Amino acid sequence: RHLFFAERMISKVPGLKAQPAPLKKVGILGAGLMGGGIAICCVQKGLQVVLKDAKQEWLDAGMKSVAGIWMSQVKKGRMPEAKAKGYLAMIKPTLAFEDFKDCDLIVEAVPEIMSLKKEVFMAMDANTRPDALICTNTSGLNIDDIAAVLKDPSRCMGAHFFSPANVMQLLENVRTAKASDRTIATGMAFGKLLGKKAVLVGNCDGFVGNRMLAPYASQAATLLEEGATVEQIDRVAQDFGMAMGPMTLGDLVGQELFWKQRKAAGDMKKQTKTYMGPYELNDWLCERNRFGLKTPDKSIGAKGRGIYIHKGRDKMVDPEVVAQMEKIRQAKGIK
């Protein structure tokens, strides 16, 4: 009963009286797993989408992934082929920032590197209407710092989707210091339109979601070092009620997410409210470009490789991960 009422209360922002801006076309910057998922959400709710990436091969891969999700529904008899093709026609893939010029709202979903975020925000500032919202999907970077590069930072807020965006219901909207009431109202209306459970949170290290997930993931990594198996850790989490275990989750969202942040900070041992060690296994994986589902390995016929080797719908713990974990235990004197 508490959960029922709580889910309805989160959509109401006390004191907010501004009317949201109308939304017909959404721009999405980044055609990866997150950007593609957001595109699917938007199209399925009737919004036109402009999907941009920096390289043609990245854009092609993103469009192929999006098409694959809809075509899998066609094969299962859950969607007419004509509908899937109609959805695809609602997405305009592009390499040009100029194509954002008539978008009502843009969601940035590029890697978690502050310098990159600021660079693309300046490009969006120059190629969007002055009344268009510019939202960042960052999972933990300071959005006030990102918004500061805009001529009008009042049109910026956070829109943190959880991966995969086309499946997960939670949308963590983040209020920035200078966000206008119209911006907040539009961001909340955007979440409601997409059928998400949109909750407004403050701009702090890790917001709310990752402040909860960081110690959870840290304890899972610690358990692995202390002798538990990957399968045991994931099974216990699922038995408790989680949709998936922390090891599977890491492969889904990308093992490199916070590794890149630590690398960009120049401190591979850095710990924050958003990410915590131990890092040895994560570093080993990322140094080998094994980020999980987003990094296939054709040499072993895997559609993704991280903690697990993913083949089709099946997955198995990578034997090399098991061997490396044993080396880490020995190096740390863990018996």
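Please refer to the structure higher up on the page.
Here the structure is a predicted model, which means the values were calculated and not measured.

Which residues make up the pattern of salt bridges, and what are the values?
Scanning the model with the defined rule gives 20 salt bridges in all. Among the ionic pairs, lysine 332 bridges to glutamate 280, the shortest N-O distance being 3.1 Å. Separated by 52 residues along the polypeptide, lysine 332 in helix α13 (residues 319-332) and glutamate 280 in helix α12 (residues 280-287) bring together distant segments of the chain. The closest approach of N and O atoms between arginine 290 and aspartate 318, which form a salt bridge, is 3.6 Å. Taken together, the residues span a long stretch of sequence, with arginine 290 in the loop between α12 and β9 (304-305) and aspartate 318 in the loop between β11 (314-317) and α13 at a distance of 28 residues. For arginine 290, a relative accessible area of 12% puts it in the buried group.

Quick one: what's the story with the sheet that holds β9, residue by residue and with numbers?
The three strands lie next to each other as β9-β10-β11, forming an open sheet whose pairing is antiparallel. Taken across any chain shown, the strands that pair with only one partner, and hence form the sheet edges, are β9 and β11. For strand β10 (residues 308-311) and β11, the ladder comprises four bridges, and the chain directions are antiparallel. Bridge assignment links tyrosine 308 to a residue of β11, and that residue is valine 317.

Give me the lowdown on the environment of glycine 304, citing residues and values where you can.
Among the structural elements, glycine 304 can be located in strand β9. In this structure, the C-alpha to C-alpha distance between glycine 304 and alanine 84, residues 220 residues apart in sequence, is 25 Å. In this view, glycine 304 contacts Gly292, Leu293, Thr295, Pro296, Ile309 and His310; residues no more than four positions away in its chain are not counted.

Explain the nonpolar core residue by residue, including any values.
In this structure, Trp70, Ile91, Phe161 and Phe190 are the most contacted members of the largest nonpolar core, which totals 41 residues. Ranked by the residues each element gives to this core, the list is headed by helix α2 (residues 33-44), at seven residues. Setting aside its immediate chain neighbours within four residues, isoleucine 91 contacts Ala39, Val43, Val49, Leu51, Met63, Val66 and Trp70. Judged by nonpolar contacts, the second largest core, of 22 residues, contains Phe100, Ile106, Val174 and Val201.

Pulling in residues and values, what's your account of the packing of helix α8 (residues 209-225) against helix α10 (residues 246-253)?
Two elements in contact, α8 and α10, have axes whose closest approach is 10 Å; the angle formed by their N-to-C orientations is 115°. For the pair α8 and α10, the crossing hand works out as left-handed. Judged by residue contacts, Leu213, Tyr216, Ala220, Ala221 and Leu224 of α8 engage Pro246, Met247 and Leu249 from α10. A breakdown of the residues in the contact of α8 with α10 according to their chemical character gives eight nonpolar, no polar and no charged.

For the layout of surface pockets, give the residues involved together with the corresponding values.
Roughly 350 Å³ of volume is contained in the second largest pocket. Considering the residues around the second largest pocket, the lining is formed by 14 residues, among which Leu3, Glu7, Ile10, Leu170 and Lys197 are closest to the centre. Breaking the lining of the second largest pocket down by element, the ones donating at least two residues are α1 (2-9), β7 (170-175), β8 (197-202) and α8.

Now, about unusual backbone geometry: what can you tell me, with residues and values included?
Cis geometry is adopted by the peptide bond preceding proline 164, which originates at serine 163 and carries an omega value of -5°. Positionally, proline 164 belongs in the loop between β6 (156-161) and β7. Backbone torsion omega between glycine 277 and proline 278 reads 5°, so that peptide bond is classified as cis. Looking at the secondary structure, you find proline 278 in the loop between α11 (257-265) and α12. Unlike most non-glycine residues, phenylalanine 207 shows phi in positive territory, near 55°. Along the chain, phenylalanine 207 turns up in the loop between β8 and α8.

Conventions we followed
- Residues numbered from 1 in each chain as written.
- Predicted model: local features only at pLDDT ≥ 70, side-chain atom pairs only at ≥ 80, totals over all residues.
- Heavy atoms only, no water.
- Salt bridge = Lys/Arg side-chain N within 4 Å of Asp/Glu carboxyl O.
- Helix = DSSP H or I, 4+ residues; strand = E, 2+ residues; numbered from the N terminus.
- Buried < 20%, exposed > 50% of the residue type's maximum accessible area, 1.4 Å probe, protein only.
- Pairing = 2+ DSSP bridges.
- Contact = heavy atoms within 4.5 Å.
- Core = buried A, V, L, I, M, F, W, Y, C linked by side-chain atoms within 4.5 Å.
- Axes fitted to C-alpha atoms, helices over the stretch in contact; angles between N-to-C directions.
- Left-handed = near helix turned anticlockwise from the far one by under 90°.
- Nonpolar A, V, L, I, M, F, W, Y, C, P; charged D, E, K, R; others polar.
- 1 Å grid on protein atoms, 1.4 Å probe; cavity = no way out; pocket = protein on both sides within 12 Å on 5 of 7 lines; lining within 4 Å.
- Points joined across faces, edges and corners; volume = space filled by probe spheres on them.

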